[in-house]
Amino acid sequence: MPRKRPTPWIHRWSRLIMAGLATIGAVVTAYLTYSKLAGNEAACPTSGCDIVLSSPYATVFGLPLALFGFLAYASIVVFAIAPLIFKPSKLSSLADSSKPKQAADTLETWTGLLLFLGSTAMMVFSFYLMYLLAFEIKAVCVYCVASAILSTSLFILSLIGREWQDIGQLAFSGIMVAVIVLVGTLGVYANVNNPTLTESGTEQPTPGGFEITTTSGESEIALAKHLTQVGAIFYGAFWCPHCHEQKQLFGKEAVQYITYVECSTPDGRGQMPECQQQQIQGYPTWEINGQKLPSGEKSLEELAQLSGYQGSKNFKNVSEEY
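This text gives an overview of the structure that appears in the document. (Residues numbered from 1 in each chain as written. Predicted model: local features only at pLDDT ≥ 70, side-chain atom pairs only at ≥ 80, totals over all residues. Heavy atoms only, no water.)

1. Concerning the overall build of the protein
The line we're drawing: Each helix corresponds to a stretch of at least 4 residues labelled H or I by DSSP, and each strand to a stretch of at least 2 residues labelled E; elements are numbered beginning at the N terminus. Exposure classes here rest on a 1.4 Å probe applied to the protein chains alone. A residue is buried below 20% of its type maximum, exposed above 50%, and partly exposed in between. Whether two residues are in contact is decided by their heavy atoms, any of which lying within 4.5 Å being enough. Accessible surface is estimated by sampling points in the Shrake-Rupley manner with a 1.4 Å probe; for residues, cover comes only from the protein chains shown.
Check the secondary structure of the protein and you find 11 helices and six strands. Buried residues in the protein amount to 43% of all 322 residues. Excluding contacts between residues fewer than 6 apart, the proportion of contacts in the protein whose partners are at least 24 apart in sequence is 76%. Of the roughly 17,500 Å² of accessible surface on the protein, a fraction of 62% belongs to carbon and sulfur atoms.

This is how it looks when you write it as structure tokens:
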């Protein structure tokens, strides 16, 4: 009687390894999603992270791109551990008691295919993001690079982590998913920098920025003039929603008195040389008394205190964040 061939160790451990890697990805993307929605600057050991994470490419359908990354990683975790949780003994309550092994094999097969297709889609999308970082945004984001490494690792593990019966069909399915993801991604980002209206009628930014709809009070105008007098500089980008909110706090009359430096190139894909020289890493960034503050929207009260403003502080425009 022939001896049964031992199961390769990678087949035994691939799902647990994939679950672990995907969990790391889910935690990181959850953090980035929270930071984006809360308007906080994400912690980053290298320069350029905030530029990438606040660029037009970091938002899809009005939601943070990191949110979709979190959902993708969470799905991988579920697909990876499902057969490990629902073992034959547990599946017997869900199927005919005489066929628990068949049900378990079916679950293992389908989740294995979903792991392969899901990781293929994630890897292709990550490669496109690497292209954007290198040739469009021209900035380095360790989170994006780490995600590309994770998605590639998941793809390799999904491929070698089990025995496939029909390699030809698997390759065809992978190619189809890759093409669909690539075409869909190009379609989503096709108009990322075009000044058009969305399907809901929401205004998209033009090189001149979003329209400022708030009006200014005497205090806002006095503060804006004071900031200019003390040499304060506001570095921003026309497509940056937090920059727009900062301008909204001052109002359309007062914002004319602010020394504002546009950091984005007209196509929204790069940074102007002046801001590169000043090492501006996120928007908005205020420079007051020769010191650059951490990027992010600032309340008028905070700007008044930091700049030594002694005038009226009866500001009419107050951010919901404060």
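2. Quick word on the state of the cysteines
This is how the line gets drawn: Cysteine sulfurs are considered disulfide-paired once they come within 2.5 Å of each other.
Inspection of every chain in the model, using the stated rule, returns one disulfide. The residue that forms a disulfide with Cys 263 is Cys 275, at a sulfur-sulfur distance of 2.0 Å. The sign of the S-S torsion, about -80°, decides the handedness of the disulfide formed by Cys 263 and Cys 275: left-handed. On the criterion of sequence distance, the pair formed by Cys 263 in the loop between β4 (260–262) and α10 (273–277) and Cys 275 in helix α10 is long-range, its members being 12 residues apart. Under the relative-accessibility criterion, Cys 263 is labelled buried at 0%. Here Cys 141 is not cross-linked by a disulfide; its sulfur's nearest cysteine counterpart is in Cys 144, at 3.3 Å. Judged by relative accessible area, which is 0%, Cys 141 ranks as buried.

3. Description of unusual backbone geometry
Excluding glycine, a negative phi dihedral is what most residues carry, and trans is how most peptide bonds are arranged. Between Tyr 283 and Pro 284 the backbone carries a cis peptide bond, its omega angle lying at -10°. Here Pro 284 lies in the loop between α10 and β5 (285–288). Of note in the backbone geometry, Asn 289 takes a positive phi value of approximately 55° without being a glycine. By the secondary structure assignment, Asn 289 is in the loop between β5 and β6 (291–292).

4. Some words on the nonpolar core
Operational definition: Note on terminology: a nonpolar core comprises buried Ala, Val, Leu, Ile, Met, Phe, Trp, Tyr and Cys residues joined through side-chain atoms within 4.5 Å.
If you look at the biggest cluster of nonpolar residues, it comprises 51 residues, and the most contacted ones within it are Tyr 189, Leu 223, Phe 250, Tyr 283 and Trp 286. The element that contributes the greatest number of residues to this core is helix α5 (residues 100–137), accounting for five residues. Aside from chain neighbours lying at most four places away, what touches Phe 250 is Ser 216, Glu 220, Leu 223, Ala 224, Leu 227, Val 255, Ile 258, Trp 286, Leu 300, Leu 303 and Asn 317. In this structure, Val 77, Leu 150, Leu 154 and Leu 157 belong to the second largest nonpolar core, which totals 14 residues.

5. Description of the pattern of salt bridges
Using the following cut-off: By salt bridge we mean one thing: a side-chain nitrogen of Lys or Arg within 4 Å of a carboxyl oxygen of Asp or Glu.
All chains considered together, the criterion is met by three salt bridges. Between Arg 15 and Glu 108 there is a salt bridge, and its shortest N-O distance comes to 3.5 Å. Of this pair, Arg 15 sits in helix α1 (residues 9–38) while Glu 108 sits in helix α5, placing them 93 residues apart in sequence. Given a relative accessible area of 8%, Arg 15 falls into the buried group. A relative accessible area of 25% means that Glu 108 is categorised as partly exposed. Connected through shared salt-bridge partners, Arg 15, Glu 108 and Arg 162 make up one network.

6. Describing the pairing of strand β3 (residues 233–236)
The following threshold applies: At least two bridges found by DSSP between two strands is the condition for calling them paired. Handedness rule for crossovers: strands pointing away from the viewer, path from the first strand over the helix to the second running clockwise, crossover right-handed.
The side-chain alternation of β3 yields two buried faces, one formed by Ile 233 and Tyr 235 and the other by Phe 234 and Gly 236. Pairing geometry for β3 and β5, over three bridges, is antiparallel. Counted as the bridge partner of Tyr 235 is Thr 285 from β5. Bridging between β3 and β4 involves three bridges; their strand directions are parallel. From the neighbouring strand, Gly 236 faces β4, where its bridge partner is Glu 262. Regarding the hand of the β-α-β motif, the stretch spanning β3, helix α9 (residues 241–254) and β4 is right-handed.

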